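Coordinates in review
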Amino acid sequence: MKDKNTKTLITAGNDCEIPDGVTHIGNHAFWGRHNLKSISIPDTVTSFESGCFCECFGLTNIEIPKSVTTFRSMCLYKSGVEEIIFPENTSVIEMYAAEDCPNLKRVYIKQQDPKKLKITNGAFGDGKGLTIYVPWSANDDSNEINEWGATYATIVYEYIGD
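As the structure is a computational prediction, the values presented were derived from the model and not from experiment.

**Considerations on the overall build of the protein chain**
- Counting its secondary structure elements, the protein chain contains one helix and 11 strands.
- Helices and strands in the protein chain line up, N terminus first, as β-β-β-β-β-β-β-β-β-β-α-β.
- Expressed as a percentage of the 162 residues in the protein chain, the buried residues total 45%.
- By sequence separation, contacts in the protein chain at least 24 residues apart represent 33% of the contacts at least 6 residues apart.
- Surface summary for the protein chain: the accessible area is close to 8400 Å², and the carbon and sulfur share equals 46%.

**Observations regarding the nonpolar core**
- Within the largest apolar cluster, 40 residues are counted, with the highest numbers of intra-cluster contacts made by Ile-25, Phe-30, Phe-48, Phe-53, Ile-62, Ile-93 and Phe-124.
- Where this core is concerned, the elements lending two or more residues are strand S6 (83-86), strand S8 (106-109) and strand S10 (131-135).

**Observations concerning the pairing of S10**
- Counting buried positions over the five residues of S10 gives five, a clear majority of the element.
- Burial of S10 is two-sided: the residues Thr-131, Tyr-133 and Pro-135 facing one way and the residues Ile-132 and Val-134 facing the other way are all buried.
- One ladder, built from five bridges, connects S10 with strand S11 (residues 154-158); its direction is parallel. Across the sheet, residue Val-134 finds its bridge partner in S11, namely Tyr-157.

Rules behind the numbers
Residues numbered from 1 in each chain as written. Predicted model: local features only at pLDDT ≥ 70, side-chain atom pairs only at ≥ 80, totals over all residues. Heavy atoms only, no water. Helix = DSSP H or I, 4+ residues; strand = E, 2+ residues; numbered from the N terminus. Buried < 20%, exposed > 50% of the residue type's maximum accessible area, 1.4 Å probe, protein only. Contact = heavy atoms within 4.5 Å. Areas by Shrake-Rupley, 256 points an atom, 1.4 Å probe, with all protein chains shown as cover. Core = buried A, V, L, I, M, F, W, Y, C linked by side-chain atoms within 4.5 Å. Pairing = 2+ DSSP bridges.

Below, the structure written as structure tokens:
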């Protein structure tokens, strides 16, 4: 069901499709859809609200369009994702956004300017077994990166070109 005034997907139907024109995947919209394996996200979506894909254990792959800038708390919590690529326009990744994802091994942060990105402490849990790839341009802000709360994660600085 979609809220016509705010263009927020409030709850997902059985077909698990996100209608065109939706700008926000609402709080808990897909929560507990254990059999959800993949989903197509329209490029009109700008935010993943709290818990929107929480406990979607079967969701191993998610392609996030460049339009998404905001990832609220627990939006991918306990999901089955193996890899997350946060687009270059990402501005917010909140606490527990991708915590407790047992299959998560790689996170790519494409935002070139770390000062334009707010990642709350604990966004990726403790980071055990996780590698976070960040642009080489973030190398000067490594103290800020270490404060993201992924204490045990490996941080890899890489050139991200066109």
